[in-house]
Amino acid sequence: MSHDDHTMPPSTLALRIKAIETLMVEKGKIDPGAVTEIVDIFQNKLGPRIGAGVVARAWSDPAFKARLLEDGTQALKDMGVSGLQGEAMIILENTPQVHNVIVCTLCSCYPWTVLGLPPTWYKSAPYRSRIVIEPRSVLAEFGLDISNDREVRVFDSNAEIRYMVLPERPAGTEGWSEDRLAALVTRDSMIGTGVPLAASAI
Amino acid sequence: MRSIADMGGMQGFGPVDRADDDTRFKAEWEAKTFAVNLLSLAAGCFNIDESRYSMENMPPADYLTTSYFEHWLYSLEDLLISKGVLTEEEYRARIAELTEKEAGHAA
Amino acid sequence: MLPKEMVAIAIATGAPTLRAIGTAPKFKVGDDIMTTNDHVSTHTRLPGYARDKRGTVVGYEGAHVFPDAHSAGRGECPDHLYRVRFDSETLWGKGSDGPGAVYLSLWESYLVSGDVS
């Protein structure tokens, strides 16, 4: 298709996709019911609460945590977490020495199976361009101040390996149930642009 | 290719707009673009690497000034037509038809 | 055509890119590598900021579908994939904003040995 004349006004975005969808349905390439099903799964079923549950279990169960760090894909499969954009998972543990953060500089790849769809800022030019070269400056914008005695590791998701950060467990949460722990785990803490809520927060 | 999409380390883009925090689809067209893209992949119309390559070939000014799902819509159009799944004529005709219908309802 | 009833299972299965290939990996964990300086005008997943840079192999991911070929109609052409660490100072010199590193997943054809022989 010639894209020389590509200045279509925004109101035609809906018409363009409707044109494609209706043609594809007529040609027997897509099932209209499947369109609805996919939207439902990504709007309502996949999301960061899944990742939060993984983190809470890792905090609670040292054997699970070891398996998760050794083979993220299998440990997640054992929990029933698997699939599109999570076929090969690596879990990155934050420690007092290391802070991890994820990005896809080339497009916006993101671990859908544990976090759902990414926030708009993750897909934006400022984040994609700057997090690899000035991570501390970007993290400071998110309210995170990483001291120079810690290393910041940026994982660029340029292949089909997908990452999730395992943040450090907040102090004062000894003996908490997994459900209660999961409530402290924010989406940003699993991307690496945040940390979990403090115990006092809930 | 060292396209506009290859933006790691580029400078001058300014602060991250943290307020732009939506993870849900902002409009129905975004949801449909997402789903139709996945289903076209599943139907073998194109592969994910072709899809990414297509987006990299957006005119740079368009790439920077359109949203993520507009990039997906661009590559969907580009690949479905270049691979002959749809013709440009029938696509434009369908858009014209739908535009008229919509104008008819508005009148 | 993927019918509605099969959508949930298709999403739960995904589209893994791991493949078996007949050659042994050239590099191992701990090896120093250099990324190639062979710029291409077609699709690649080696970002420009990591071209012609020295890194260290920190992991082996198996052989995966090779995007450079797959995007150009040449088939999957799976190749060994490595997790490679690049120190911030290597990538950005004095422009680095603190101790750190960037990690990339790089196919074998993007890499040459970093050994000075």
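Here the structure is a predicted model, which means the values were calculated and not measured.

### Examining the overall build of chain A
1) Next: Summing up its helical and strand segments, chain A has ten helices and four strands in all.
2) Next: Taken from the N to the C terminus, the helices and strands of chain A come in the order α-α-α-α-α-β-β-α-α-α-β-β-α-α.
3) Next: Seen through its principal axes, chain A has C-alpha atoms that stretch 60 × 35 × 30 Å.
4) Next: Here chain A holds 202 residues, and the buried ones make up 54% of them.
5) Next: Taking all contacts inside chain A whose residues are at least 6 apart in sequence as the whole, residues at least 24 apart take part in 70%.

### Focus: the confidence of the model for chain A
1) Next: Averaged over every residue, the pLDDT of chain A is 95; residues scoring 70 or more account for 95%.
2) Next: Contacts for the low-pLDDT stretch residues 1–7 of chain A, under 50 throughout, to residues beyond four places or in other chains number seven contacts.

### Examining the UniProt feature "binding site: Fe(3+)" (unreviewed entry) in chain A
All names here are of chain A.
1) Next: UniProt tags Cys-104, Cys-107, Ser-108 and Cys-109 as "binding site: Fe(3+)" (unreviewed entry).
2) Next: Mapped onto the elements, Cys-104 comes out in the loop between strand E2 (98–103) and helix H6 (112–115).
3) Next: With respect to the helices and strands, Ser-108 occurs in the loop between E2 and H6.

### Regarding the nonpolar core
1) Next: Counting residues in each nonpolar core, the largest one holds 110 residues, and the members touching the most others are Val-55 of chain A together with Val-36 and Leu-39 of chain B.
2) Next: Mapped onto the domain boundaries, this core takes at least three residues apiece from domain 1 (12–44) and domain 2 (48–169 + 176–201) of chain A.
3) Next: Excluding residues that lie within four positions of it along the chain, Val-36 of chain B makes contacts with Ile-17, Ile-20, Glu-21, Met-24, Ile-30 and Val-35 of chain A together with Leu-76 of chain B.

### Topic: the interface of chain B and chain C
1) Next: Listed per partner, the contact involves 14 residues of chain B and 15 residues of chain C.
2) Next: When contributions to the side of chain B that touches chain C are tallied by element, the ones reaching two or more residues are helix H1 (28–42) and helix H2 (48–56) of chain B.
3) Next: The element that contributes the greatest number of residues to the side of chain B that touches chain C is H2 of chain B, accounting for five residues.

### Some points on the UniProt feature "domain: Nitrile hydratase beta subunit-like N-terminal" (unreviewed entry) in chain B
1) Next: Here the UniProt feature "domain: Nitrile hydratase beta subunit-like N-terminal" (unreviewed entry) sits at residues 1–102 of chain B.
2) Next: A helix fraction of 59% and a strand fraction of 0% characterise residues 1–102 of chain B, whose end C-alpha atoms lie 40 Å from each other.

### Some points on the interface of chain B and chain A
1) Next: If you look at the interface, chain B gives 53 residues, while chain A gives 47 residues.
2) Next: Taken together, the elements giving at least two residues each to the side of chain B that touches chain A come down to H1, H2, helix H3 (60–65), helix H4 (68–82) and helix H5 (88–106) of chain B.
3) Next: Considering each element in turn, the side of chain B that touches chain A owes the most residues, eleven residues, to H1 of chain B.
4) Next: Of the residues assigned to the side of chain B that touches chain A, the class counts are 29 nonpolar, seven polar and 17 charged.

### With respect to the confidence of the model for chain B
1) Next: Scored by pLDDT, chain B comes out at a mean of 95, with 98% of its residues at no less than 70.
2) Next: Interface confidence for the predicted complex, given as ipTM, is 0.98, next to a pTM of 0.96.

Cut-offs and rules
- Residues numbered from 1 in each chain as written.
- Chains lettered and ligands numbered in written order.
- Predicted model: local features only at pLDDT ≥ 70, side-chain atom pairs only at ≥ 80, totals over all residues.
- Helix = DSSP H or I, 4+ residues; strand = E, 2+ residues; numbered from the N terminus.
- Buried ≥ 20, exposed ≤ 12 C-beta atoms within 10 Å, placed from the backbone.
- Contact = placed C-beta atoms within 7 Å.
- pLDDT = per-residue confidence, 0-100.
- UniProt positions renumbered as here; feature names shortened; annotations may be inferred.
- Core = buried A, V, L, I, M, F, W, Y, C linked by C-beta atoms within 7 Å.
- Domains from an automatic or database assignment.
- Nonpolar A, V, L, I, M, F, W, Y, C, P; charged D, E, K, R; others polar.

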